[in-house]
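# A closer look at the structure
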Amino acid sequence: MRKVITYGTFDLFHQGHYNILKRAKEQGDYLIVGVTSESYDIERGKLSVQDSLTQRIENVKNTGFVDEIIIEEYLGQKIRDIIKYDIDVLVIGDDWRGRFDHLKQYCEVVYLERTKNISSTQIREQSSNN
Ligand code: C2G
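Now for a quick tour of the structure. The numbers attached to residues start from 1 for each chain and follow its sequence in the written order. Per-residue local features are limited, in this predicted model, to residues with pLDDT of at least 70; the limit for side-chain atom pairs, both in listing and counting, is 80 or more; totals at the level of whole chains, interfaces and linings are taken over all residues. Side-chain measures here rest on the full set of heavy atoms in the structure, leaving out hydrogens and waters.

### Re the sheet that holds strand S4 (residues 89-93)
Taken in spatial order, the five strands of this open sheet run S3-S2-S1-S4-S5, and their pairing is parallel. Looking at strand neighbours, the two that pair on one side only are strand S3 (68-72) and strand S5 (108-112), the edges of this open sheet. Shown here is a sheet whose adjacent strand axes are inclined to one another by a mean of 25°, direction ignored. In terms of strand pairing, strand S1 (residues 3-8) meets strand S2 (residues 30-36) through six bridges, oriented parallel. In the strand pairing of S2, Val4 is matched with Leu31. Only heavy atoms matter for contacts: two residues are in contact if any of them lie within 4.5 Å across the pair. Axis lines are fitted to C-alpha atoms, over the contacting stretch for helices. Their N-to-C directions set the angle, which ranges from 0 to 180 degrees. Each helix is a run of DSSP H or I of at least 4 residues and each strand a run of E of at least 2, with the numbering of both proceeding from the N terminus. Seen against the sheet, helix H4 (residues 77-84) touches S1, S3 and S4 and runs at an angle of roughly 150° to S3. Pairing between strands is defined by DSSP: at least two bridges between them are needed.

Below is the structure:
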């Protein structure tokens, strides 16, 4: 069984999130998604997240592509997760290209093209302009 992992905040869940989860699942047989905790997002400078962790988990779960959801709580957790869950491939959007190359000693790392013209930031800005 080929195990895949991917990570994200998934705030204001949108088509780009849906697409990457769908394509991540297509990379293997079992998909684990690490959803960032509120404190980890604050720590890494993502200060404008609107949805609660519970809501973000619910939205990820509702896609139907995900076999298991875990919480990402600290920088460096990815290495622990890859070993703990015996991961074959880490999938992440290509806005992160090169940033996870150090994980290639533990598993395959696949950067998938981001869905164009949609982002949580854009949705936040649109709703604040209305
Ligand atoms: N994404 C995408 N297309 C978009 C927007 C996002 O493919 N238009 C992808 C991102 O590339 C990422 C995933 O959706 O792989 C989740 O994106 P975010 O919620 O913005 O989370 P991010 O900050 O990228 O979390 O440890 C955290 C992760 O490393 C990345």
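After that view of the structure, there is still more to cover.
### As for the pattern of salt bridges
Here, a salt bridge means any Lys or Arg side-chain nitrogen found within 4 Å of an Asp or Glu carboxyl oxygen. Following the criterion strictly, the structure yields ten salt bridges and no others. Salt-bridge contacts for Arg44 lead to Asp41; the nearest nitrogen and oxygen are separated by 2.9 Å. Accessibility here uses a 1.4 Å probe with only protein chains present; expressed as a share of the type maximum, an area under 20% marks a residue as buried, one over 50% as exposed, and anything in between as partly exposed. Look at Arg44 and you get partly exposed, because its relative accessible area is 32%. Overall, Asp41 belongs to the buried group, its relative accessible area being 2%.

### Considering the environment of Val66
On the secondary structure map, Val66 appears in the loop between helix H3 (53-62) and S3. Val66 sits in the buried class, given a relative accessible area of 18%. If we skip the residues at most four places from it in the chain, Val66 touches Leu31, Val33 and Val60.

### Side note on the environment of Tyr85
Its place among the elements puts Tyr85 in the loop between H4 and S4. Assessed through its relative accessible area of 14%, Tyr85 is described here as buried. Between the alpha carbons of Tyr85 and Arg23 there is a distance of 20 Å; along the sequence they are 62 residues apart. Setting aside residues up to four positions removed in sequence, Tyr85 forms contacts with Lys3, Ile32, Glu68 and Ile70.

### A word on the side chain of Asn59
Tracing the backbone through its elements, the reader meets Asn59 in helix H3. We classify Asn59 as buried; its relative accessible area is 17%. Every residue in contact with Asn59, bar those within four places of it in the chain, is listed here: Phe13 and Asp51.

### Observations regarding the site of the ligand
Any residue with a heavy atom lying within 4 Å of a molecule or strand is counted as near it. Residues in contact with the ligand amount to 21 residues; listed here are only the nearest, Glu72, Lys78, Asp95, Thr115 and Ile118. Whenever a nitrogen or oxygen atom comes within 3.5 Å of another N or O atom, the pair is scored as a polar contact, on the condition that within protein one atom can donate a hydrogen and the other can accept it, and that pairs from neighbouring residues in sequence are kept only if both atoms are in side chains. A distance of 2.9 Å separates an oxygen atom of the ligand from a polar side-chain atom of Arg44. Between the ligand and the protein, one listed contact pairs an oxygen atom with a side-chain N or O atom of Lys78 at 2.7 Å. Under the convention used here, a 1.4 Å probe and the Shrake-Rupley method define accessible areas, while residue burial counts only the protein chains that appear. The fraction of the free accessible surface of the ligand (620 Å²) that becomes covered by protein chains is 95%. The way it works is a 1 Å grid over only the protein atoms, where trapped points that fit a 1.4 Å probe form a cavity and open points with protein on both sides within 12 Å along at least five of seven lines form a pocket, and then any residue with an atom within 4 Å of a point lines it. Molecules are considered to sit inside a cavity or pocket once more than half of their atoms lie within 2 Å of its grid points. In this structure the site holding the ligand corresponds to the largest pocket. With three residues, the top contributor of residues to the shell around the ligand is helix H1 (residues 15-26). Throughout, the ten residues Ala, Val, Leu, Ile, Met, Phe, Trp, Tyr, Cys and Pro are labelled nonpolar, Asp, Glu, Lys and Arg are labelled charged, and all others, Gly among them, are labelled polar. Each residue belonging to the shell around the ligand can be placed in one class, and the counts come to seven nonpolar, eight polar and six charged.

Keep in mind these numbers describe shape, not what the thing actually does.
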